[in-house]
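A structural walkthrough
Spelled out, the chains give:
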Amino acid sequence: MSNTSVVGTSVPRIDSAGKATGETKYVTDISVPGMVHGKVFRSTEAHARIVRLDVSDAERLPGVVAVVTGADAPYSYGRMVEDEPFLAREVVRYIGEPVAAVAAVDEETAEAALDHIYVEYEPLPAVFDVEEALSPTAPLVHPQLESYRKGPIPTPVPGTNMCSSFRIRKGDVDAGFARSDFVFEHRFATPPIQHCYIEPCCAIAEYDCTGALTVWSGTQGAHLLQQLLSASLGIPLYKVRVIQPPYGGGFGGKVPMHVEPVAVALALKCRRPVRVVLNREEEFAASTTRHASVVTIKSGVNRDGRIIARKVDAVLDTGAYARIGPLVLRNGSIAASGPYDIPNVWIDGACVYTNKVPAGALRGFGTPQMTWAYESHTDMICRELGLDPVEFRLKNVLRDGGENANGEKVRHVAVDRCIEAAAKGIGWGEPKVTTSPGKARGRGIAATVKACAGPAESLVVLRFNRNGRVRALVSASEMGQGLHTVVAQIVAEELGIHVDDVRVTQPDTDFTPFDELTTASKATFHTGNATRAAARDLRHQIASIVAERLGVPQETLRFEGGRVIAEGLGESVAITDVLGKGKHRATNELVGRGMFASDYVIPLDRETGQSEAPVAFWMYAAQSAEVEVDLETGDVRVLRVVAAHDVGQAISRLGCEQQIQGGVVFALGQSLWEQTIVREGRVVNPTLLDYKVFTSADTPEIVPVIVEDAPHSLGPYGAKGLGEIVTTPTAAAVANAVFDATGVRITDLPLTPEKVRAALKAAGTKTTL
């Protein structure tokens, strides 16, 4: 551990009191003078041409201020591929797509007006299965794909439903299979799932008399939203301001735009501020899901337990629009061979359009789907060869100096110690507790690796006032992960002040410095580095003033306990007395600036996926689980999870533990219950009554293990990221434990009682003992 006094300690989160007391104000708490309320009229067809759209009756309804259609707002958006209209024009591509919207004096009137909108459709052939969508004869979701504007990452294939593809070629995988003593191939699947953040998507849009647009939004990227709105509307960047109040969770679901286009379209037409808030059913049926996946893995293994070759074919269902799908595909596929040192790797990934609700990032950027596949596959290899799953993983796992699938010589790796800690914590190899009749216990383990891709840039500004307090201007988002506390701890560490003396400002593109968005577990690494740089800039300025006042070299000054102390002189200056005194009495404020850019990232070769520095940094982890399975009903009860995570260096120790515990709870729901059921393009379980999530009453014992053996040389104090990887190995660890208990293998999530019971019956397991 580094020699620090605040960094690495456990302090209460600085934003917790406001959230616990209800004082924190969210977008739905904001009321702008003259504000009206918007509601969305949505498609009931999965794929159809709009033959006639009549909104005249709705426009005449008392209390209605404006009705807007695609003809009124002929704009499109998309960070990866600009394929999504603000409101459907000519064609609808999924059930739930916005077709029109109403602004009225209150929500009830706007809702009622939706019943007075009439639309006539001409049905078009639709495709719902992601593998069928790859067929040459499949209906095209976007026949005009080649005409869309796109960014540098997607590689769409015109004339197909292939939104983007990705590949890695390392070594000679066919020769590797030929040299292997055993070859295994398995196929895995995951369903679309929901983010289930507490606060639904919402936004307020307002145009002023100059044509400038202000948007209040619970977005994960205020500056990115500003850029996208500017590009879509064709107006200068300076005429778009995005204010991000505190918001109730994101998990990737609030990147980059969802409800904002409708609010902007309405505000543009009625020239009044408009607030649009999705209800929970809209969140389920018409917002964003995690990509459903189909992953096939083939591995060649030698008798000594070494993996010689691995081939992965991954297909992600991105739904009707690309959104951030190509990035999810790349970031998931880049680690699809797992945290293993394998000489021959072949990875093909495809991001595919279907006529379903669009998919996007959900806490892991594709890594959970890949980890589910390769860690189930790894366990199946061990079981078939009679090898111990822990020893097998330790034999093949990446270590410092090893080479990953991208050809990078990795450093700062402690995944082996994570595996050992997870195994020890769960009692691997020890006798299991005797269960009651009709039940069986088992243990499982899984390891994982996740990329923070980059390159990315974060800027932080610190304002130091005469009262001795620091205000941090930060555009990275506090969405519940504890970022503001991390920022405060770093400032306090560098300036020798108390965490309570630091205030962190919510993003506002007019005032807070650039940070594109908060995803990929990048905030502690990037914003943390920028914060430390800004604090050191500020510290230098303060030291300069004090050194001059005391007549000592700056190098002899120490910041501690709210004072600047001259070593050996026996004198000190309270940090509250630095400004406004003596020669500097007219100085009321100092400003520190810091920036960090992961510009050392070398883009992947498009043909081979090789690079010496493909990502900003890697994260590693391992989790183990003990379960009890009811052999009669198939119900799986998770008894205990041990989660060991390589964080490099904990900035907020309490925050790390909370991230791990919260992430495991998040992942357990997805492991056992959660799935968005879609039939003919329609979500049939769009409520929390039909879509069960884990609650505190369902939560087992979760043991967080913070591994700090491999600090990152570029991370702040050695820190890496943590927010997403805590969710990625859980499902495989639980499934492997279910196999250990029962001898049956489930290869498609979730591990519902129905599936487990059917597998037990198929295996001929006695269901009553």
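Now for a description of the structure that goes with this document. These figures come from a predicted structure and were not determined experimentally.

Before going further, it helps to spend a moment on the pairing of strand β21 (residues 457-465). Alignment of β21 against strand β27 (residues 589-597), held across nine bridges, turns out to be antiparallel. Bridging from a neighbouring strand, Ser458 pairs with Phe596 of β27. Sheet topology note: the β21/strand β22 (residues 470-474) ladder contains five bridges and is antiparallel. Residue pairing in the sheet places Val460 in a bridge with Val474 of β22. Here β21 folds back onto β22 in antiparallel fashion, the turn holding four residues, of which Gly468 has a positive phi close to 85°.

What follows deals with the packing of aromatic side chains. In total, this model carries ten aromatic pairs according to the counting rule given. An angle of 75° between the planes, with centres 5.1 Å apart, marks the rings of Phe284 and Tyr691 as edge-to-face. Here the residue Phe284 occupies a position in helix α7 (residues 280-286), and Tyr691 occupies one in the loop between β31 (682-683) and β32 (701-707), the gap between them amounting to 407 residues. Pair check on accessibility: Phe284 and Tyr691 agree, each one buried. Aromatic pair Phe525 and Phe596: ring centres 5.7 Å apart, planes at 75°, arrangement edge-to-face. Highlighted residues: Phe525 in helix α13 (residues 523-550) and Phe596 in strand β27, separated in sequence by 71 residues.

Here we have seven strands laid out as an open sheet, ordered β3-β7-β1-β14-β11-β12-β13, and mixed in their pairing. Looking at the sheet topology across the chains shown, the edges are occupied by β3 (64-69) and β13 (240-243). Looking at each pair of strands side by side, their axes are set apart by 20° on average, direction ignored. Relative to β13, strand β12 (residues 213-217) runs parallel, the two being bridged by four bridges. Bridge pairing links Leu213 to Val240 in β13. Packing against the sheet, helix α5 (residues 222-233) makes contact with β11 (202-207), β12 and β13, and its axis sits at approximately 150° to β13. Contacts between helix α6 (residues 260-270) and the sheet are confined to β1 (36-42), β3, β7 (98-104), β11, β12 and β14 (274-277), with β11 contributing the most and set at about 30° to the helix.

It is worth spelling out unusual backbone geometry at this point. A cis geometry characterises the amide bond from Gly454 onward to Pro455, with omega recorded as -5°. Looking at the element boundaries, Pro455 is found in the loop between β20 (439-452) and β21. Pro750 follows Leu749 through a cis peptide bond whose omega is 0°. In this model, Glu90 sits at a positive phi of 70°, which is unusual for a non-glycine residue. Of note, Glu90 is situated in the loop between β5 (84-85) and β6 (91-92). Of note in the backbone geometry, Glu680 takes a positive phi value of approximately 50° without being a glycine. By the element assignment, Glu680 lies in the loop between β30 (678-679) and β31.

Another point: helix α8 (residues 325-333). For α8, the tally of buried residues reaches nine of nine residues, placing the bulk of the element in the interior. Taken residue by residue, α8 has Gly325, Pro326, Leu327, Val328, Leu329, Arg330, Asn331, Gly332 and Ser333 as its buried positions. For α8, the elements touching its buried residues are β9 (162-170), β17 (307-319), β18 (344-353), β19 (359-360) and α9 (367-385).

This brings us to the packing of helix α10 (residues 389-396) against helix α11 (residues 415-426). Here α10 crosses α11 at 170°, and the two axes come no closer than 10 Å. On the basis of their axis angle, the class for α10 and α11 is roughly antiparallel. Here Val390, Arg393 and Leu394 of α10 come into contact with α11, specifically with Asp416, Ile419, Glu420 and Ala423.

Turning our eyes to something else, we now look at empty space enclosed by the protein. Applying the stated criterion to the full structure yields ten cavities of 30 Å³ or more. Approximately 160 Å³ is the volume attributed to the largest cavity. As for the largest cavity, its lining consists of 19 residues, and the residues nearest its centre are Arg42, Pro98, His258, Ala286 and Arg323. Residue composition of the lining of the largest cavity, by class: 13 nonpolar, two polar and four charged. Considered as a void within the structure, the second largest cavity measures approximately 130 Å³ in volume. Each residue belonging to the lining of the second largest cavity can be placed in one class, and the counts come to seven nonpolar, six polar and two charged.

Strand order across the open sheet formed by five strands is β9-β18-β17-β16-β10, with mixed pairing between neighbours. Both outer strands of the open sheet, β9 and β10 (182-190), are each paired with one neighbouring strand and no more. Sheet twist, expressed as the average angle between the axes of neighbouring strands with direction ignored, equals 5°. Bridging between strand β16 (residues 292-301) and β17 involves ten bridges; their strand directions are antiparallel. Its bridge partner being in β17, Val301 is matched across the sheet by Ile307.

A separate point is the nonpolar core. Ile542 and Val734 are the most contacted members of the largest nonpolar core, which totals 201 residues. Ranked by the residues each element gives to this core, the list is headed by α13, at twelve residues. Those residues in contact with Val734 that lie beyond four places of it in its chain are Ala625, Val627, Val636, Val638, Leu668, Leu672 and Leu751. By size, the runner-up hydrophobic cluster in this structure holds 18 residues, among which are Val67, Ala104, Ala110 and Leu114.

Before going further, it helps to spend a moment on the pattern of salt bridges. Scanning the model with the defined rule gives 48 salt bridges in all. Residues Glu478 and Arg13 are paired through a salt bridge, measuring 3.4 Å at the closest nitrogen-oxygen approach. Of this pair, Glu478 sits in the loop between β22 and α12 (483-495) while Arg13 sits in the segment before α1 (16-21), and the two are 465 residues apart along the sequence. Measuring nitrogen to oxygen at the nearest pair gives 3.3 Å for the salt bridge that ties Lys409 to Glu403.

Okay, α6 next. Because the α-helix completes a turn every 3.6 residues, residues three or four places apart line up on one side. Where burial is concerned, most of α6 is hidden: nine out of the eleven residues are buried. All of the buried residues along α6 are Glu260, Pro261, Val262, Ala263, Val264, Ala265, Leu266, Ala267 and Cys270.

Let us now look at the pairing of strand β26 (residues 571-574). Direction of pairing for strand β25 (residues 563-566) relative to β26: antiparallel, over a ladder of four bridges. Bridge assignment links Ala566 to a residue of β26, and that residue is Glu571. Hairpin connection of β25 to β26: four residues between the antiparallel strands, including Gly568 at a positive phi of 85°.

It is worth spelling out the side chain of Asn404 at this point. The residue Asn404 is located in the loop between α10 and α11 in this model. At 3.0 Å, the side chain of Asn404 forms a polar contact with the backbone nitrogen of Asn406. Once you skip the residues sitting within four places of it in the chain, Asn404 turns out to touch Lys170, Leu398, Val410 and Trp618.

Below, the discussion takes up the side chain of Arg532. Note that Arg532 resides in helix α13. For the buried Arg532, no salt bridge is present, and the opposite-charge side chain at shortest range is Glu494, 5.0 Å distant. Once residues lying within four places of it in the same chain are set aside, the contact partners of Arg532 are Ile490, Glu494, Gly715, Pro716 and Tyr717.

Tallying each qualifying case throughout the model produces zero disulfides. Here Cys209 stays free of any disulfide, with the sulfur of Cys270 as its closest cysteine sulfur at 16 Å. Taking the relative accessible area as the measure of exposure, Cys209 reaches 83% and is therefore exposed. With no disulfide of its own, Cys351 has Cys163 as its nearest cysteine by sulfur position, at a separation of 4.4 Å. The exposure class assigned to Cys351 is buried, which follows from its relative accessible area of 0%.

About the criteria used
- Residues numbered from 1 in each chain as written.
- Predicted model: local features only at pLDDT ≥ 70, side-chain atom pairs only at ≥ 80, totals over all residues.
- Heavy atoms only, no water.
- Pairing = 2+ DSSP bridges.
- Helix = DSSP H or I, 4+ residues; strand = E, 2+ residues; numbered from the N terminus.
- Phe/Tyr/Trp six-rings, centres within 6.5 Å; stacked < 30°, edge-to-face > 60°.
- Buried < 20%, exposed > 50% of the residue type's maximum accessible area, 1.4 Å probe, protein only.
- Axes fitted to C-alpha atoms, helices over the stretch in contact; angles between N-to-C directions.
- Contact = heavy atoms within 4.5 Å.
- Parallel < 35°, antiparallel > 145°, perpendicular 65-115°, else oblique.
- 1 Å grid on protein atoms, 1.4 Å probe; cavity = no way out; pocket = protein on both sides within 12 Å on 5 of 7 lines; lining within 4 Å.
- Points joined across faces, edges and corners; volume = space filled by probe spheres on them.
- Nonpolar A, V, L, I, M, F, W, Y, C, P; charged D, E, K, R; others polar.
- Core = buried A, V, L, I, M, F, W, Y, C linked by side-chain atoms within 4.5 Å.
- Salt bridge = Lys/Arg side-chain N within 4 Å of Asp/Glu carboxyl O.
- Polar contact = N/O pair within 3.5 Å; in protein donor to acceptor, adjacent residues only side chain to side chain.
- Lys, Arg positive; Asp, Glu negative; His and termini not counted.
- Disulfide = S-S within 2.5 Å.

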